[in-house]
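Coordinates in review
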Amino acid sequence: MELTRDEESALKGEQGEIMQMAYRILVATGEATDADKLIPIEWAHLSGVNYNTIGDAGEEFLSSISKDARVKVKTTLNPMGFDIDNVSNYNLDKNFISKQLSIKNSYEAIGVTPSFSCIPYEIFDIPKENTQVAFAESNAAIHANSYDNLKTNKESAFSALASALTGKSPYSSLRKEDSPNLTISMNVKNPTELTYGMLGFFAGKVGDTSVNISGLEEMDRRQRKAMCGGMGTSGTCAKFLFGDGDSDCEKIEFDEKEVQNVHDELNTAEKGDIITLGSPQLGLDEISDLAAKLKGRSFKKRCMVFTPRTVKEQARKIGYTNELERAGCEILSDCCTCLTPLINKDSVDAVTTNSIKGAFYLKNSNGVDVNLKSLSKIIEEETR
Amino acid sequence: MKILVHGKVKGVVQKSNNSINFLGTVDKKTGIISDKNHDLFEKSIANTILVFPSGVGSSVGAYTIYSIKSNNSAPLAMVCKKADLTVATGCALANIPVLIISENEFDSLKNGMKVEIDTESNIPLSIYE
């Protein structure tokens, strides 16, 4: 990898230990991914926030660097483990709360915008076409590449942090060009967001760094997010392109049989004790749509709704929050279904969700059973 | 040969033919491998030149590498056949030298060999005894 004189000097430690560490990460990542140089990025989105995933080691590391480290570019943040407004309702132990707050404080000290959201593409302005960014949240990286005309690799928590501290990233893979060698043909009638989540999950398994998808109809935002979330869960693939691709592309079909395969892999229960909506977190239009669907209806069981804090505040002003709470929803900001410490198998056997991403982590990380249902089915069967 | 993280150390080879998942199978305090199915089961990787095919599993395992280093239980260097981002970023955080070597070079390294790693030299990896 070619480094500029300034980058060399940082790597040698002439600009302090933090910069040296950040450049070590960029160089190690760049060498591992065959980058030939570093390029500027304008926005970093960090993962590695939830105490449930980064543990004591992560908490201690962030605490130690927070004294000196400062971000150089706009930097936003993934969800953490809970919503401080209602954490007392969830029987979370004191140690978890204090460690999580320490992580929050460290990121704020470093200069990160405390967005605690996995949908930065929905709550922040999108920079101009082809802008290089560094997104560590997989659904956000896929959404940025596929729908927002931005360029990012599927960053790790560490490469994104190093990019935030330096404003640079290795020039490799999806930052350069993408020429998928695989085309998936969508061949399922009347798809819901659940179907698109499954399509993404399937694509992530068979795709390398990018795939073509043909046969897609007009999709709404919920369906697009579901597809990005599903794809980020199952592999390394971080972009889809629309269309048939080159004639030499291998062709694979996504049909009812594949839907059944994903269903069999992730659906382990016929019904859930609670419902979760949001992974990725719901944006304002999904909250608005949910409020409309719940007019005159109430959930028969607990329903947790995950949304960014900024969306929760907007929803409160418009009156959606009242509507949803009246219908029995628990609205949580700053956190998400994915890797939540608020659901555990001591109190919950099975969760109903329309999220493939949520299902994957509930099953594999929380160890609970999962009942997959589209939102319209959830409203139909779980409310009265 | 590729250099992922620079550095200069001397030490004794601890070789494994199994990949290592740092998240969950390496004790953060002692550097002892706790995976029963691993060929280094119950052995410590502390202060060795750890030679293994590659890291696997969640990238959060990078924090484990940082932890074992903070607890003075980390390898002196890691030498792999295949570059992976957990080992690359974990060792970058912890400042542990990492080399990626060829299949033949990997086969030539044996347990107990004394080697020197110096990424600034013309021969980054040499056997000295």
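Computed from a prediction, not measured in an experiment: that's the story for all the values here.

Our next topic: helix 9 (residues 221-234) of chain A. Residue and element names in this part refer to chain A. Between its first and last C-alpha atoms helix 9 spans 21 Å; for 14 residues at 1.5 Å apiece the expected length is 20 Å, and the two agree. Across the 14 residues of helix 9, twelve count as buried, placing the element largely inside the fold. Buried within helix 9 are the following residues: R222, Q223, K225, A226, M227, C228, G229, G230, M231, G232, T233 and S234. If you follow the buried residues of helix 9, they end up packed against helix 6 (138-146), helix 8 (193-206), helix 11 (284-293) and helix 14 (356-366).

For the rest of this paragraph, the subject is the packing of helix 9 of chain A against helix 14 of chain A. Residues and elements named next belong to chain A. Direction vectors running N to C along helix 9 and helix 14 enclose 35 degrees, while the axes themselves pass 7 Å from each other. Residues A226, G229, G230, G232 and T233 of helix 9 touch helix 14, and the partners they reach there are I356, K357 and F360. Among the residues making up the contact of helix 9 with helix 14, the classes are represented as three nonpolar, four polar and one charged.

The next subject is the interface of chain B and chain A. Contacts between the two partners involve 22 residues from chain B, matched on the other side by 17 residues from chain A. Listing elements by their share of the side of chain B that touches chain A, those giving two or more residues are strand 1 (2-5), helix 2 (61-70) and helix 3 (85-94) of chain B. In terms of residue count, helix 3 of chain B provides more of the side of chain B that touches chain A than any other element does, six residues in total. The class makeup of the residues in the side of chain B that touches chain A is 14 nonpolar, five polar and three charged.

Counting 145 residues, the largest nonpolar core has A28(A), L46(A), V305(A), A88(B), C91(B) and V98(B) as the members making the most contacts within it. With ten residues, the top contributor of residues to this core is helix 2 (residues 17-32) of chain A. Discounting chain neighbours no more than four positions away, the residues touching V98(B) are A28(A), L4(B), V5(B), A77(B), M78(B), V87(B), A88(B) and C91(B).

Before going further, it helps to examine the domain arrangement of chain A. Residue and element names in this part refer to chain A. Considered domain by domain, chain A is made up of domain 1 (5-175), domain 2 (182-264) and domain 3 (267-382). Contacts between the two partners involve 20 residues from domain 1 and, on the opposite side, 17 residues from domain 3. Among the secondary structure elements, those contributing two or more residues to the side of domain 1 that touches domain 3 are helix 3 (51-65) and helix 5 (120-123). The residue inventory of the side of domain 1 that touches domain 3, partitioned by class, reads ten nonpolar, eight polar and two charged.

To continue, consider the sheet that holds strand 5 (residues 98-100) of chain B. On the basis of which strands lie adjacent, the open sheet formed by seven strands has the order 1-5-4-3-2-6-7 (chain B) and mixed pairing. Edge strands, defined here as strands with exactly one partner in the open sheet, are strand 1 and strand 7 (125-127) of chain B. Between one strand axis and the next, the sheet turns by 30 degrees as a mean value, whatever way the strands run. Relative to strand 6 (residues 114-118) of chain B, strand 2 (residues 8-15) of chain B runs antiparallel, the two being bridged by five bridges. Its bridge partner being in strand 6 of chain B, V9(B) is matched across the sheet by I117(B). Relative to strand 1 of chain B, helix 2 of chain A is tilted by about 150 degrees, and along the sheet it contacts strand 1 and strand 5 of chain B. Relative to the sheet, helix 3 of chain B contacts strand 1, strand 4 (77-80) and strand 5 of chain B, its axis offset from that of strand 1 of chain B by approximately 50 degrees.

A separate point is the environment of E108(A). As for its position among the elements, E108(A) is in helix 4 (residues 94-110). Sequence separation of E108(A) and L77(A) is 31 residues, and the distance between their C-alpha atoms is 9.9 Å.

About the cut-offs
- Residues numbered from 1 in each chain as written.
- Chains lettered and ligands numbered in written order.
- Predicted model: local features only at pLDDT ≥ 70, side-chain atom pairs only at ≥ 80, totals over all residues.
- Helix = DSSP H or I, 4+ residues; strand = E, 2+ residues; numbered from the N terminus.
- Expected span 1.5 Å × (residues − 1).
- Buried ≥ 20, exposed ≤ 12 C-beta atoms within 10 Å, placed from the backbone.
- Contact = placed C-beta atoms within 7 Å.
- Axes fitted to C-alpha atoms, helices over the stretch in contact; angles between N-to-C directions.
- Nonpolar A, V, L, I, M, F, W, Y, C, P; charged D, E, K, R; others polar.
- Core = buried A, V, L, I, M, F, W, Y, C linked by C-beta atoms within 7 Å.
- Domains from an automatic or database assignment.
- Pairing = 2+ DSSP bridges.

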